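# Close look at the chain arrangement
Listed below are the residues making up each chain.
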Amino acid sequence: MILQEKAKTRKQTGTFLIEGKREISLAIKGGYCIDTLLFYPELISEIEIIEFVKQSTNVIEINKEVFEKLAYRKSTEGVIAIAKSKSFSLSDLKLDKNPLLLIAEAPEKPGNIGALLRTADAANLDAVIIANPKGDLYNPNIIRSSVGCLFTNQIATGTTTEIITYLKERNISIYCATLQNSTSYHTQDYTTPSALVVGTEANGLSKEWRVAATQNIIIPMQGEIDSMNVSVAAAILIFEAKRQRGF
């Protein structure tokens, strides 16, 4: 289906697909509007999707051929929703007085983005911000790899310059995970408004982030390599910050 395969189509129509009961439930909980609900009765009954039916404008029963053409993964449980997209504007974020944010610059791999969103959900972060996004966050691979956490986190996107300005205007300290001019991550105080910033494994963070940082931080490595998976690094930083905050 074009809606699955083409980011341009998703953008033009303002809609995207969600597969599976858990993911649809999380989307509804996250305030997403379900435009159309498609179900294959051989795998799921209308009674089983009654909670989704209440949220949907249209409920359509589909046959096996249509279902198999639409389903992106094998374990879709017989239900697919067409949902309306949300804005990912920085101005839409609702932050409390002492936020803890995760910022990822130009992440490319859907699996890494999904893992970052799952970690953010697990830590109940105030928001995840994607700087200079390389693709569409409604990519089905991101929805799948995030296990629906795309819908449970506050998310915004913007350019690096826009995000740095946003953070500084709100007096949010910027801690950039980078090799250059860094100090060990556990020596810093994350109990005040803080943003933890990670880059890609291949290129790290751009100079603009490193210069803007309140402090550049590093996770000490004891092996032969000098980097680790971005989602693993982010998790270490996030849960140190959460530990300091007493959670």
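Use the structure listed above.
Every chain's residues receive numbers from 1 upward, in the order its sequence appears when written. Thresholds applied to this predicted model are a pLDDT of at least 70 for local features of residues and 80 or more for the giving and counting of side-chain atom pairs; totals over whole chains, interfaces and linings are not thresholded and use all residues. Calculation of side-chain values draws on the structure's entire complement of heavy atoms; hydrogens and water are dropped beforehand.

With that settled, consider the overall build of the protein. Within the protein one finds 10 helices and 11 strands. Seen through its principal axes, the protein has C-alpha atoms that stretch 60 × 40 × 35 Å. Each residue gets one of three labels from its accessible area relative to the maximum for its type: buried under 20%, exposed over 50%, partly exposed in between, using a 1.4 Å probe on protein chains only. For the protein, the proportion of its 247 residues judged to be buried stands at 49%. All accessibility values rest on the Shrake-Rupley procedure with a 1.4 Å probe; residue burial counts only the protein chains present in the view. Of the roughly 12500 Å² that the protein leaves accessible, carbon and sulfur atoms contribute 49%. For the protein, the distance from the average site of its 27 positive side-chain charges to the average site of its 27 negative ones is 3 Å. Going along the chain from the N terminus, every DSSP run of H or I of four or more residues is numbered as a helix, and every run of E of two or more is numbered as a strand. Counted charges follow a simple rule, with Lys and Arg positive, Asp and Glu negative, and His plus the chain ends left uncounted. Taken as the charge location is NZ of Lys, CZ of Arg, CG of Asp or CD of Glu.

Strand pairing is assigned whenever DSSP identifies at least 2 bridges connecting the two strands. As summarised here, the arrangement of the 7 strands in space is 7-6-5-10-8-11-9, forming an open sheet in which the pairing is parallel. The sheet terminates laterally at strand 7 (155-158) and strand 9 (183-184), the two strands that pair on one side only. Bridge count for strand 9 against strand 11 (residues 215-218) is 2 bridges, and the pairing is parallel. By the bridge assignment, Ser184 is partnered in strand 11 with Ile218. Sheet strands in contact with helix 10 (residues 230-244) are strand 5 (100-105), strand 8 (173-177), strand 10 (194-198) and strand 11, and its direction is about 165 degrees off that of strand 10. The contact rule is simple, with two residues in contact once any of their heavy atoms fall within 4.5 Å. Note on method: axes are straight lines fitted to C-alpha atoms, helices fitted across the in-contact stretch only, with angles between N-to-C directions ranging 0 to 180 degrees.

The next thing to look at is the environment of Tyr190. Following the sequence through the fold, Tyr190 ends up in the loop between strand 9 and strand 10. Residue class for Tyr190 comes out buried when judged on its relative accessible area of 1%. Non-local contacts of Tyr190, meaning those with residues more than four positions away in its chain, are made with Tyr175, Tyr185, Leu196, Ile217, Glu240, Ala241, Gln244 and Arg245. Any pair of N or O atoms that falls within 3.5 Å is considered a polar contact. Within protein, one atom must be able to donate a hydrogen and the other to accept it, and sequence-neighbouring residues count only if both atoms are side-chain atoms. A distance of 2.5 Å separates the side chain of Tyr190 from the backbone oxygen of Tyr185, its partner in a polar contact.

As for its placement among the helices and strands, Asn141 is situated in helix 7 (residues 140-145). Ignoring anything within four residues of it in the chain, the contact list for Asn141 reads Tyr72 and Pro110.

Within the largest apolar cluster, 48 residues are counted, with the highest numbers of intra-cluster contacts made by Ile18 and Ile24. Looking at this core element by element, the count peaks at 6 residues for helix 10. The contacts of Ile24, once residues within four sequence positions are left out, are Ile18, Ile34, Leu37, Phe52, Val79, Ile80 and Ala81. The nonpolar core is taken to be a set of buried Ala, Val, Leu, Ile, Met, Phe, Trp, Tyr and Cys residues, with the residues joined through side-chain atoms within 4.5 Å. With 21 residues, the next largest nonpolar core counts Leu167, Val197, Ala212 and Ala213 among its residues.

Further remarks concern the pairing of strand 10. Counting buried residues along strand 10, 5 of its 5 residues qualify, which places the element largely inside the surrounding structure. Alternating positions in strand 10 separate into two faces, Ser194, Leu196 and Val198 on one and Ala195 and Val197 on the other, with burial throughout. Direction of pairing for strand 5 relative to strand 10: parallel, over a ladder of 5 bridges. Bridging from a neighbouring strand, Leu102 pairs with Leu196 of strand 10. Where strand 8 lies against strand 10, 4 bridges are found, and the strand directions are parallel. Across the sheet, residue Tyr175 finds its bridge partner in strand 10, namely Leu196.

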